[in-house]
Amino acid sequence: MNEHSPEGSGRLRADIDLTALRANVRSLRGRLTGGAGLMAVVKADAYGHGLVPCARAAREAGADWLGVATPGEALALRAAGDRGRLLCWLWTPDAPWLRAIEADVDVSVSAPWDLAAAVAAAREAGRTARVHLKIDTGLGRSGCPPREWPGLVAAARAAETSGAITVTGLWSHFACADEPGHPSIAAQRAVFEDALAVAARAGLDPEVRHFANSPATLTLPEAHYDLVRTGISVYGLSPSPDVGSAADLGLRPVMTLRAALAGVKRVPGGHGVSYGHEYLTPGETTLALVPAGYADGIPRHASGSGPVLVAGKWRTVTGRVAMDQFVVDLGGDTAEAGDEAILFGPGDRGEPTAEDWARAAGTIGYEIVTRIGSRVPRVHHGVSGATGT
Ligand SMILES: *Cc1c(COP(=O)(O)O)cnc(C)c1O
C-alpha cells in the first residue's frame, strides 16, 4: 500500500491490483500483429485507478507509449518523472503548448489553428515539436475532415521542412469498434487508408500510424498498424459485452471497491427506506448501511438495482442511493458494523464486477470505474519493488 486517506481507508476504498494491470498489458501486447507497439491510455487518472502508479506499472510491463487527453495530465506524468513517449490529444488555444513541447510531449493536431500553436511553441522553445496529425475518418468528434486533410498535410509538411515540427504520427479513432461488424468500421478504415496515401504523397513519413482502441485491438488485427491505444482493457474490463467478458479476453479487473458497514439494525415491516420511500420493508428485517454514495461515484441510477456482496451473499441496493450512503436489506441475515461490503472486483470471490454495475445503472464499465470520486482512497498493491502487498 502506498496511499492512506486522512480518514483511514476503512469507510470506502478502491484497491488497485498493479500485478493484474501488468498482466493485462502483457496479454494485450501478446495479441499485437506485425510488430505493433502498445500505448497504455492513462487519461482521467488512469480511468480512476490512479495516474502515476498505473503509468509506472504499464511502462514496467512494456507499454511503449502512454496516452492522455489533457495537457495537465501529460505534465503531471512528466512531473512524476516519466520520460518515455507520451501523446496528448485534447488541446485548446490557451493550453500550455510551450510547457508540453519543452517537456517532450507528442501533441495531436487536427486543424490549422492547433498546427500554428504547435509551430509557435516550438519556435519559442527552440526545439522541434513532435506532432501527430489526426484525421476524422467518421467519428465526428476531433480530427480533420477528409476534404481539409490535403491542406493540413501540406501545411504540416511545410512546417516540417522549416524545422519547427516533425510529423511523428498519423492517426484516427473508431466510432463503433465495440460493435464488431458494424459497417462504419470498414468505412472508417477506407478513409484512413486514403488519408495515409495523401500524407505519403506529400512527403510525410511518420514513425507511427495508429487507429485501434481496446475493442479494435481485441477484434480487428488489421487495424493494429504500428501502435494500438488501449485504455479500458489495461484496467481489465471488457469494452463491451459484444466483444466478450473480461475473462474470455484474458483480462483481470484491476479495481476492487469495498466499504465497511456503518451500521446494522432491525426494523419492523412497512418501514420506508431512504429518500422518497421507494422501498418499504416487506416484514421485520435487518438493514445494513453502506457508507458509499453518489459523491463517491456510486451511480444514483443504480438505486434499487446495484449489486453488492454483504454477509456472504449478492444483494442489491435497497431504495435510493444518497450522496454518501445507501442501504441494503439483509432479509433474515445478520451482519455487524465494520463488516465488509464489496461493491465490485474481479468477480472470483463471488462479488459483482464493474460490468454488473454498468448493467444495473444503464451505462458502461468505463463510467463505473472512472467516476469513483476523489474522496475514495486508491490503495495500490503490487507496486514494483515493494514487498508484502
Ligand atoms: C480513451 C481513448 C482511447 C482508449 O479507448 P479504450 O476503449 O478505453 O481502449 C483511445 N484513443 C482515444 C483517442 C481515446 O480518447
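Residues numbered from 1 in each chain as written. Predicted model: local features only at pLDDT ≥ 70, side-chain atom pairs only at ≥ 80, totals over all residues. Heavy atoms only, no water.

(A) Broad picture of the pairing of strand β17 (residues 326-331). For β17, a buried count of five out of six residues is recorded, marking the element as mostly surrounded by other parts of the structure. Bridge analysis of strand β14 (residues 285-290) against β17 gives five bridges, and the strand direction is antiparallel. Looking at β17, one finds that T286 is bridged to G331. (Buried < 20%, exposed > 50% of the residue type's maximum accessible area, 1.4 Å probe, protein only. Helix = DSSP H or I, 4+ residues; strand = E, 2+ residues; numbered from the N terminus. Pairing = 2+ DSSP bridges.)

(B) Region of the structure containing the pattern of salt bridges. Taken as a whole and judged by the stated rule, the model has 26 salt bridges. Among the ionic pairs, R315 bridges to D333, the shortest N-O distance being 2.9 Å. You can see R315 sitting in strand β16 (residues 313-316) and its partner D333 sitting in the loop between β17 and β18 (340-344), a full 18 residues away along the chain. (Salt bridge = Lys/Arg side-chain N within 4 Å of Asp/Glu carboxyl O.)

(C) Molecular detail of the site of the ligand. Near the ligand, the surroundings consist of 15 residues, among which K43, Y47, S214, G231 and Y366 are the closest. Y47 has a polar side-chain atom sitting 2.6 Å from an oxygen atom of the ligand. Starting from 390 Å² of accessible surface for the ligand in isolation, the protein chains cover 94%. Comparing atom positions with the cavity grids shows the ligand to sit within the largest pocket. Taken together, the residues that form the shell around the ligand break down as seven nonpolar, five polar and three charged. (Near = heavy atom within 4 Å. Polar contact = N/O pair within 3.5 Å; in protein donor to acceptor, adjacent residues only side chain to side chain. Areas by Shrake-Rupley, 256 points an atom, 1.4 Å probe, with all protein chains shown as cover. 1 Å grid on protein atoms, 1.4 Å probe; cavity = no way out; pocket = protein on both sides within 12 Å on 5 of 7 lines; lining within 4 Å. Sits in = over half its atoms within 2 Å of the grid points. Nonpolar A, V, L, I, M, F, W, Y, C, P; charged D, E, K, R; others polar.)

(D) Local environment of the packing of aromatic side chains. Tallied over the entire structure, the rule returns eight aromatic pairs. Plain terms: the ring middles of F174 and F211 are 3.9 Å apart, the flat faces sit at 0° to each other, and that makes the pair stacked. With F174 in the loop between β7 (165-171) and α8 (183-201) and F211 in the loop between β8 (208-210) and α9 (214-219), this residue pair connects regions lying 37 residues apart in the sequence. An aromatic cluster is present here, built from F174, F192, F211 and Y225 joined pairwise through their rings. Note that K134 overlies the ring of W171, its terminal NZ or CZ placed 4.3 Å from the centroid. (Phe/Tyr/Trp six-rings, centres within 6.5 Å; stacked < 30°, edge-to-face > 60°. Lys NZ or Arg CZ within 6 Å of the ring centre and 35° of its normal.)

(E) Structural view of the sheet that holds strand β11 (residues 263-267). In spatial order, the strands read β11-β14-β17; together these three strands make up an open sheet with antiparallel pairing. At either margin of the open sheet sits one strand with a lone partner, and together these are β11 and β17. Mean inter-strand twist for the sheet, computed between neighbouring axes without regard to direction, equals 30°. Here five bridges tie β11 to β14, and the two strands are oriented antiparallel to one another. Bridging from a neighbouring strand, K265 pairs with L287 of β14. (Axes fitted to C-alpha atoms, helices over the stretch in contact; angles between N-to-C directions.)

(F) Region of interest: the nonpolar core. Ranked by internal contacts, the top residues of the largest apolar core, which has 120 residues, are L21, L133, I165, F326, L343 and F344. For this core, the two domains that each supply at least three residues are domain 1 (31-234) and domain 2 (255-381). Beyond its immediate stretch of four places on either side in the chain, F344 contacts M255, T256, L257, E351, P352, T353, A354, W357, I368, V369 and I372. (Core = buried A, V, L, I, M, F, W, Y, C linked by side-chain atoms within 4.5 Å. Domains from an automatic or database assignment. Contact = heavy atoms within 4.5 Å.)

(G) Structural view of the layout of surface pockets. Taken as a whole, the largest pocket holds about 560 Å³ of empty space. As for the largest pocket, its lining consists of 26 residues, of which K43, R141, H173, N213 and Y366 are closest to the centre. Residue assignment for the lining of the largest pocket shows that the elements contributing at least two residues are α2 (43-48), α9 and β9 (227-230). Looking at side-chain class alone, the lining of the largest pocket contains 15 nonpolar, six polar and five charged residues. Volume-wise, the second largest pocket comes out at about 270 Å³. Along the wall of the second largest pocket there are 14 residues; nearest its centre are K265, S274, L289, Q325 and V327. Residue assignment for the lining of the second largest pocket shows that the elements contributing at least two residues are β12 (272-273), β14 and β17. (Points joined across faces, edges and corners; volume = space filled by probe spheres on them.)

(H) Here's a closer look at the confidence of the model for the protein. Residues with a pLDDT of 70 or more make up 96% of the protein, whose mean pLDDT is 96. The low-confidence segment residues 1-6 (pLDDT under 50) makes 11 contacts with residues lying over four places distant or belonging to another chain. (pLDDT = per-residue confidence, 0-100.)

(I) The domain arrangement of the protein, seen in detail. The assigned domain composition of the protein is domain 1 (31-234) and domain 2 (255-381). Placing the centre of domain 1 and that of domain 2 at their C-alpha centroids yields a distance of 39 Å. With eight residues of domain 1 at the interface, the matching set in domain 2 holds six residues. Of the roughly 700 Å² buried between domain 1 and domain 2, counting both surfaces, carbon and sulfur atoms make up 66%. Linking domain 1 to domain 2 there are zero salt bridges. The interface formed by domain 1 and domain 2 holds two residue pairs in polar contact (both at pLDDT 80 or more) in total. (Buried area = accessible area lost by both parts, 1.4 Å probe.)

(J) Structural context of helix α1 (residues 18-31). A rise of 1.5 Å per residue sets the reference length of α1, with its 14 residues, at 20 Å; its end C-alpha atoms lie 20 Å apart and thus fit the reference within 8%. Of the residues making up α1, those classed as buried are L18, A20, L21, R22, N24, V25 and L28. Summarising the contacts, the buried residues of α1 are in contact with β1 (12-17), β2 (37-41), α3 (51-60), α9, β9 and β19 (378-381). Where α1 begins, the capping side chain belongs to D17, and its oxygen is found 3.1 Å from the backbone nitrogen of T19. (Expected span 1.5 Å × (residues − 1).)

(K) A look at the sheet that holds strand β15 (residues 307-310). Spatially, six strands are ordered β16-β15-β18-β10-β1-β19 in an open sheet, and the strand pairing comes out mixed. Edge positions in the open sheet fall to β16 and β19, since each of these has one partner strand only. Sheet twist, expressed as the average angle between the axes of neighbouring strands with direction ignored, equals 30°. Pairing geometry for β1 and β19, over four bridges, is parallel. Bridge assignment links D17 to a residue of β19, and that residue is H381.

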